[in-house]
2 protein chains.
Amino acid sequence: MHPITVNPNILKMEYAVRGPIPQRAAEMKRQGREIIPCNIGNPQALGQSPLTYYRQVLSLVEEPSKIERERKLKEIFEETPGSPLREADFISDYVLEVSEKVLTLSGTGTGAYTESKGFAFVRQAIADFINRRDGFSGKLRANPEHIFLTDGASDAAKRVLNLLIAGPEDGIMVPIPQYPLYSASITMFGGVQVDYHPDEERGWALDRAELERAYSEAARQGVNVKGIVVINPGNPTGAVLGESSIAEVIDFAAQHDLAIIADEVYQDNVYTGKFISFASVLRERPVPLFSLHSISKGFFGECGHRGGYMEVRNPPQIAGSGLNLLDLLLKQASVGLCSNTAGQILTYLMVSPPEEGSAPYTLFQKEKQRILRELYEKAQMIRAAFDQMDGVECFGETGAMYLFPRLNKLPAGTGDFEYCMALLDETGLVTVNGSGFGQKPGTHHLRIAFLPPKDLLAEVLPRWVEFHNRYVNA
Amino acid sequence: MHPITVNPNILKMEYAVRGPIPQRAAEMKRQGREIIPCNIGNPQALGQSPLTYYRQVLSLVEEPSKIERERKLKEIFEETPGSPLREADFISDYVLEVSEKVLTLSGTGTGAYTESKGFAFVRQAIADFINRRDGFSGKLRANPEHIFLTDGASDAAKRVLNLLIAGPEDGIMVPIPQYPLYSASITMFGGVQVDYHPDEERGWALDRAELERAYSEAARQGVNVKGIVVINPGNPTGAVLGESSIAEVIDFAAQHDLAIIADEVYQDNVYTGKFISFASVLRERPVPLFSLHSISKGFFGECGHRGGYMEVRNPPQIAGSGLNLLDLLLKQASVGLCSNTAGQILTYLMVSPPEEGSAPYTLFQKEKQRILRELYEKAQMIRAAFDQMDGVECFGETGAMYLFPRLNKLPAGTGDFEYCMALLDETGLVTVNGSGFGQKPGTHHLRIAFLPPKDLLAEVLPRWVEFHNRYVNA
């Protein structure tokens, strides 16, 4: 066949998180070199274990005959004095009952397509979770019909952007640096990426004046700004927004008639402060809000299962049609039939932790606290290494799963891409160069996920410090 | 917020399989009426059980600690004379070993993102499956690097169409009737749908002259035809293509420099003849071929798990770039991170059935044969009912999971949509009107999935016959 033309937007699109650096890493791995994949927030690839409770339930929901068998086994055990099994060898009644409840509520188990939006009982559980989290009652209560289950939050973000971008003049505001899913999707759907710059030296704080600058500069160039993406806690910066910053974004969106896409997938990854949701600050203001959450992050890290949801508040009407945005979100979901059921079940479990006092509660809490504590400790270890590196500064508090240090000193004529490649070659550490996320011209950064086990960090960090000080002073 | 503009293609797009008829059915269900959902190939929603072997392995892969526990339990059982358990209560060593093998080969289990293309071991197993199925050796062997795991085949189809449609003049040929995923996606990506008409009265046979007619008519209107979709076995028609029809499509594609998108998700749903893959007829001819397969259909029906793959042969170069189409497929996959792992594991199991003589083999074969036999018997029951209906004809052999009868007699001024709505209201049967798939102007059809249990069919079919003869003669 002759060479063909293809969608020019896919040709243009860039996605550094899985770009040349991880591709080089994969090559090194095939050659037998040790690689530490910190380019991506993928905890279970770095040894984090799944939560026992989640997997016990999921496993039984996938193989329901094991619920009855477990009951039979327990009965035999209880009737057999001197049994070599102990009670701890059995799955608790609580887990058996939750698994049965999930199967009953699903109606069809995991093997059938669900409603396009996802299982109704999962959407109800998500609504209950939002109401608990944000203290909503009355009119503010989440509506399960405004919730869509998706194959991870990436899927949700793509759906919203695909809808909002109606033509090549439509723009979406994104923070710089940003998670490249947003830049890639905006390119993909043929829209305009409108950059705004949180203030790095003030811990990546959001500033109304900067939002207005970005908006009016774009408007002057004929861009029709439709929405603003906020990632909170930040990816790649880890920055956590306070209530006043969130209120400023909402005021700004209200004034300019923008939709807000709040990427809140790291809401459980706040180590020192408190997560505040956009919905809780929005309350009754009529600004369209798409809030995204995911099973991939937090303390559960179930990335591979691709589960997530989007909650929509104040869905707007579509000009020139009798339709609401919800109708189109439903149609869009229908063409994909439904998101995967294992991801849906894990999303249910994420928003329905075991009740206090129940059999799995203690272990669940212990696993959760250990993972979160270790994440924070690992971030602190890496920050301590930065202090020993010549010209490295890391602003903002620790949130999400990433640090995004600034490299103030690099060999003349080189940038962060060359630095990350050299770091990979010398230490096996896979990071992503700051230019993959966008950064102020003239600055250089990298993103590192603080996920490797502590002993591995203790081993590699001194080698990084040594490499760094040699490399930047060469 | 004011009404907003949205992507006009999403506004235009239609998807009847989950359109007004199933929406009305959902409403009736909420009112407590009994509904028989035959609008969609969703076997487990109609009582089909998942295959024991698949779920045993999946369940253990989701909860690996249960592998060791099972071994311990077995040991206790064997050492305890008079145990109330029987050997059949335990999971076979073979299943335990397959589960361990899957975990080892995956490296990271189900909780981590996989490679963008999917687990390497699953792609290798798919390549081996294709080689076995099509008798490939040497240069014809499938290349695991040309295989992409996807969230069901719908995901794969959307990816390919999104790439191939480079601008509003680009066209894709689709059979009429067709599975509306294709029409919806072509609308979505802003391309032109170019219809070709298999010959209903010759069992939906493909005809070279008709392909040429469709192509040249489109070309005359300035459409740049890029590819041709073939669904084999057919959806919604069930028609199964013979080798000569496939060879004709390949000749046609070669002559006009087209890519072939071969939707082969129903390859196990051939009840009387034999499935012939496009790859096996293509052999060394340099025509780009995208072959899609899925865990949702066949005798397994694992729709909810959203697993599937696409194998690419002869990926073309991209004009004006040093890139190959594979590079873009990879970039596209990267932005979604990876397809869900439960779907990937089930895809592995689909292409790696238990070996002959192994412990799970007999039950697996029994379950498989029963499901396929019953599907065929149910199709025959429905066909027999058609024979009693005034002016209903159903052409072609029985394949896939659908029958697509022609309704030659309808009340004046009504069409198949009104018929299907009335059928739903009277009998609870949810079908899809032929216009949802496209049909020759002036003809009327419906699609019914032959999935309901036999006793349910035996109860509803006479009511359908009675309704039909009354309705069309009113």
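Here the structure is a predicted model, which means the values were calculated and not measured.

Rules and cut-offs
Residues numbered from 1 in each chain as written. Chains lettered and ligands numbered in written order. Predicted model: local features only at pLDDT ≥ 70, side-chain atom pairs only at ≥ 80, totals over all residues. Contact = placed C-beta atoms within 7 Å. Nonpolar A, V, L, I, M, F, W, Y, C, P; charged D, E, K, R; others polar. Pairing = 2+ DSSP bridges. Helix = DSSP H or I, 4+ residues; strand = E, 2+ residues; numbered from the N terminus. Axes fitted to C-alpha atoms, helices over the stretch in contact; angles between N-to-C directions. Least-squares fit on C-alpha atoms with pLDDT ≥ 70 in both. Core = buried A, V, L, I, M, F, W, Y, C linked by C-beta atoms within 7 Å. Buried ≥ 20, exposed ≤ 12 C-beta atoms within 10 Å, placed from the backbone. Domains from an automatic or database assignment. Parallel < 35°, antiparallel > 145°, perpendicular 65-115°, else oblique. Left-handed = near helix turned anticlockwise from the far one by under 90°. Right-handed = clockwise from strand over helix to strand, strands pointing away.

Colleague: Summarise the interface of chain B and chain A; cite the residues concerned and give the values.
Modeller: Opposite the 76 residues of chain B that make contact, chain A presents 76 residues. By residue class, the composition of the side of chain B that touches chain A is 35 nonpolar, 28 polar and 13 charged.

Colleague: Which residues make up the sheet that holds strand 14 (residues 446-449) of chain A, and what are the values?
Modeller: Residue and element names in this part refer to chain A. Reading across from one edge, 10-14-13 is the order of the three strands in this open sheet, with antiparallel pairing throughout. Each having just a single partner strand, strand 10 (402-403) and strand 13 (432-433) make up the two edges of the open sheet. Alignment of strand 13 against strand 14, held across two bridges, turns out to be antiparallel. The partner of Val432 across the bridge, within strand 14, is Arg447.

Colleague: Hey, could you go over the sheet that holds strand 7 (residues 289-294) of chain B for me, with residue numbers and the actual values?
Modeller: Residues and elements named next belong to chain B. The sheet built from seven strands is open, its strands ordered 2-8-7-6-5-3-4 with mixed pairing. Because the sheet does not close on itself, it has two edges, and the strands there are strand 2 (147-150) and strand 4 (192-196). Sheet twist, expressed as the mean angle between neighbouring strand axes with direction ignored, is 20 degrees. As judged from the five bridges shared by strand 5 (residues 224-231) and strand 6 (residues 259-263), these two strands associate in the parallel manner. Across the sheet, Val230 pairs through a bridge with Ala262, a residue of strand 6. The sheet contacts of helix 8 (residues 180-188) involve strand 3 (170-175), strand 4 and strand 5, and relative to strand 3 the element is tilted by about 170 degrees.

Colleague: Before we move on, can you summarise the relation of the copies chain B and chain A with the specific residues and values?
Modeller: Overlaying chain B with chain A gives an RMSD of 0.0 Å, the required rotation being 180 degrees about an axis along which the chain moves by 0.0 Å. When the rotation and shift are considered jointly, the pair of chain copies conforms to a two-fold rotation axis. Judged by C-alpha distance, Ser59 of chain B is the residue of chain B that lies nearest the rotation axis, at 2.2 Å. When the interface residues of chain B are mapped onto chain A, 100% of them again fall at the interface, so both copies present the same face.

Colleague: With reference to specific residues and values, describe the nonpolar core.
Modeller: With 290 residues, the main nonpolar core has Ile260 of chain A together with Ile260 of chain B as its most contacted residues. Each of domain 1 (8-47 + 363-472) and domain 2 (120-351) of chain A accounts for three or more of the residues forming this core. For Ile260 of chain A, the contacting residues outside a window of four places in its chain are Gly227, Ile228, Val230, Val249, Ala253, Phe278, Val287, Pro288 and Leu289 of chain A.

Colleague: Describe the packing of helix 3 (residues 52-62) of chain B against helix 13 (residues 341-351) of chain B, with residues and values.
Modeller: All names here are of chain B. Between helix 3 and helix 13, whose axes approach to 10 Å, the crossing angle comes to 140 degrees. One element, helix 3, and the other, helix 13, form an angle in the oblique class. Considering how the two elements wind past one another, helix 3 and helix 13 form a crossing that is right-handed. Mapping the contact onto sequence places Tyr54, Val57, Leu58 and Val61 in helix 3 and Ala342, Ile345, Leu346 and Leu349 in helix 13.

Colleague: Before we move on, could you go through the pairing of strand 4 (residues 192-196) of chain A and cite the residues and values that matter?
Modeller: Remark: a regular strand shows side chains that alternate across the two faces of the sheet. All names here are of chain A. With four of five residues buried, strand 4 lies mostly within the body of the structure. Summarising the sheet, strand 3 (residues 170-175) and strand 4 pair through five bridges and their orientation is parallel. Residue pairing in the sheet places Met173 in a bridge with Val194 of strand 4. Taken together, strand 3, helix 8 (residues 180-188) and strand 4 form a β-α-β motif whose crossover is right-handed.

Colleague: Which residues make up the domain arrangement of chain A, and what values do they have?
Modeller: Residue and element names in this part refer to chain A. Domains assigned within chain A are domain 1 (8-47 + 363-472) and domain 2 (120-351). Relative to domain 2, the C-alpha centre of domain 1 lies at a distance of 26 Å. The partner domain 2 presents 33 residues to the 34 residues of domain 1 that form the contact. Secondary-structure elements contributing two or more residues to the side of domain 1 that touches domain 2 are helix 1 (8-12), helix 14 (361-387) and strand 10. Among the elements that line the side of domain 1 that touches domain 2, the one with the most residues is helix 14, at four residues. Its residues placed into classes, the side of domain 1 that touches domain 2 shows 16 nonpolar, 11 polar and seven charged.

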